[in-house]
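One letter stands for each residue in the lines below.
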Amino acid sequence: MSTELDAIPGIIPTRRDDAIGALEKMVSKGLGWARKYSLFQYPFVTACCGMEYMTLAAARYDLDRFGAALPRFSPRQADLLMVVGTVNCKQAPILRRVWETISEPKWVVAFGVCASSGGFYDNYATVQGIDRIIPVDVYVPGCPPRPEQVLDGIMMLQAKIQGQHHQFTEGKPLPVLGQAPRQR
Amino acid sequence: MSKVVIDALVERFKDPVQGDGVTGAYEGAGGDDCAFVKRERLVEVCRFLRDDAEMQFNMAPYITAVDYLGQEPRFEVVYNLLSTTRNWRIRLRVKVAEQDAVLPSVCGIWRGANWFERYCFDMYGIHFTDHPDHRRLYMYDEFVGHPLRKDYPLRGRQPLVTELEVPAEPFRGPGPAERGE
């Protein structure tokens, strides 16, 4: 039995919309749960924070407990970009390209104060924070940060991933190679 | 090491007509012998130091430059030399004027001088003739200027990619700076 209100699309949610919304929410929640516990990281290690990163990934602090165990040294296989260390102006195009190569969904962690803000390298060569180059999800300060700080950052990132909206496909056509707009 | 080497050098490169090749010998703060070398005789002095049987300075551990802004001549290139057989070290200083910042390369004498001279060119803009690979060492080719010169602005960043807008925050420096000249 239809009324006049039902003729206006998108205003009054029907029980069908409710059901689809609830299903999407369930799917999103499940996908978020799966994605937050299977972070494949690409370590972009440029400086001394790399030592702390090794400690973090090794047995004592054991990033595997958070599902982020396996560093992939190809950006095509990764979904978490960890920028570990100072990024200078010469390195910035490389970082930008690595970030563009990682396929969606992708997240970025700025590991250490140099990646977050340039640190004390306020000089002619250093990028003042990688968020001038690529968008960043979690900043971990410290010079270098304690492994516990990074674990806290990973847990914050997991909470963020869980809260994000996930779906199976974007519904958009895939870009044709060679025609995608190239940003520099 | 009591100035043996440096006195021998001064004695050998005396030239009353065109001026002495090695002048102003003194004992440096760390005990190393230092002397000023004329630019025209630099390669000759270095070759003598390496090849002479008494000297055998077969290694150049460090070559760098200094910018004495406001003085004339402005630059100075410093050659730290080591004789591994005698365990002697000396330091040669060569004055270079800003308008004519060109030196002969010593790559033909010590192959290890290659990157040091590229470094001096990159950071101070001192050119080296007959250098086999005369490029910048650290900075990228698009970079304009020489960052360790005293008149280069401290924050003279020259980014290669367009930087995103971020809010101004007290704990980090500003973005790409204008080259204050």
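This structure is a prediction, so every number in the text was calculated from the model and none was measured.

A separate point is the overall build of chain B. Check the secondary structure of chain B and you find three helices and seven strands. Along chain B, from the amino end to the carboxyl end, the secondary structure elements read α-β-β-α-β-β-β-β-α-β. Along the first, second and third principal axes, the C-alpha set of chain B runs to 65 × 30 × 30 Å. The long-range share in chain B, meaning contacts at least 24 apart out of those at least 6 apart in sequence, stands at 46%.

Among all residues save glycine, negative phi is the norm, and among peptide bonds the norm is trans. Cis rather than trans, the peptide bond between Cys143(A) and Pro144(A) has omega equal to -10 degrees. Position of Pro144(A) among the secondary structure elements: in the loop between strand S4 (138–140) and helix H5 (147–163). Despite not being glycine, Gln56(B) has its phi angle at roughly 55 degrees, a positive value. You can see Gln56(B) is positioned in the loop between helix H2 (42–51) and strand S3 (59–67). Here the phi dihedral of Asp130(B) falls at roughly 65 degrees; this positive angle occurs in a residue that is not glycine. Relative to the assigned elements, Asp130(B) resides in the segment after strand S7 (127–129).

Of the positions making up H2(B), those classed as buried are Leu42(B), Val45(B), Cys46(B) and Leu49(B). Looking straight down H2(B), one finds that the buried residues subtend no more than 95 degrees of arc, so they occupy a single side.

This part takes up the interface of chain B and chain A. Taken together, the contact between chain B and chain A spans 19 residues of the former and 16 residues of the latter. Grouping the constituent residues of the side of chain B that touches chain A by class yields 11 nonpolar, four polar and four charged.

A few words on the sheet that holds strand S1 (residues 41–45) of chain A. Residue and element names in this part refer to chain A. Pairing in this open sheet of four strands is parallel, and the strands run S1-S2-S3-S4 from one edge to the other. At either margin of the open sheet sits one strand with a lone partner, and together these are S1 and S4. Across the sheet, the mean angle from the axis of one strand to that of its neighbour is 15 degrees, orientation sign disregarded. Of the strand pairs in this sheet, strand S2 (residues 80–84) and strand S3 (residues 107–111) are connected by five bridges, and their pairing is parallel. Each bridged residue has a counterpart across the sheet, and for Val84 the counterpart in S3 is Phe111. On the sheet, H5 packs against S3 and S4 and is oriented at approximately 170 degrees with respect to S4.

With that settled, the discussion passes to the packing of helix H1 (residues 15–36) of chain A against H5(A). Residues and elements named next belong to chain A. The interhelical angle for the contact between H1 and H5, taken along N-to-C directions, is 155 degrees, at an axis separation of 8 Å. It follows that H1 is roughly antiparallel to H5 by the angle criterion. Considering how the two elements wind past one another, H1 and H5 form a crossing that is right-handed. On the side of H1, the interface is formed by Gly32, Trp33, Arg35 and Lys36, while H5 contributes Gln158, Ile161 and Gln162. Among the residues making up the contact of H1 with H5, the classes are represented as two nonpolar, three polar and two charged.

Residue and element names in this part refer to chain B. For chain B, per-residue confidence averages 85 on the pLDDT scale, and residues scoring 70 or more make up 94% of the total. No element of chain B has a lower mean pLDDT than strand S1 (residues 22–27), which averages 80, and none a higher one than helix H3 (residues 113–124), which averages 93. Note on the complex model: pTM 0.81, ipTM 0.80.

Let us now look at the nonpolar core. The biggest cluster of nonpolar side chains holds 38 residues, and the ones touching the most others in it are Leu80(A), Leu81(A), Met82(A), Val83(A), Val109(A), Phe111(A) and Ile130(A). The set of elements that each furnish at least two residues to this core consists of S1, helix H2 (49–57), S2, helix H3 (92–101), S3, helix H4 (113–117), S4 and H5 of chain A. In this view, Val83(A) contacts Phe44(A), Leu95(A), Val108(A), Ala110(A), Phe111(A), Ala115(A) and Ile130(A); residues no more than four positions away in its chain are not counted. Within the second largest apolar cluster, 35 residues are counted, among which are Leu9(B), Val96(B), Leu103(B) and Met123(B).

Thresholds applied
- Residues numbered from 1 in each chain as written.
- Chains lettered and ligands numbered in written order.
- Predicted model: local features only at pLDDT ≥ 70, side-chain atom pairs only at ≥ 80, totals over all residues.
- Helix = DSSP H or I, 4+ residues; strand = E, 2+ residues; numbered from the N terminus.
- Contact = placed C-beta atoms within 7 Å.
- Buried ≥ 20, exposed ≤ 12 C-beta atoms within 10 Å, placed from the backbone.
- Arc of directions from axis to C-beta.
- Nonpolar A, V, L, I, M, F, W, Y, C, P; charged D, E, K, R; others polar.
- Pairing = 2+ DSSP bridges.
- Axes fitted to C-alpha atoms, helices over the stretch in contact; angles between N-to-C directions.
- Parallel < 35°, antiparallel > 145°, perpendicular 65-115°, else oblique.
- Left-handed = near helix turned anticlockwise from the far one by under 90°.
- pLDDT = per-residue confidence, 0-100.
- Core = buried A, V, L, I, M, F, W, Y, C linked by C-beta atoms within 7 Å.

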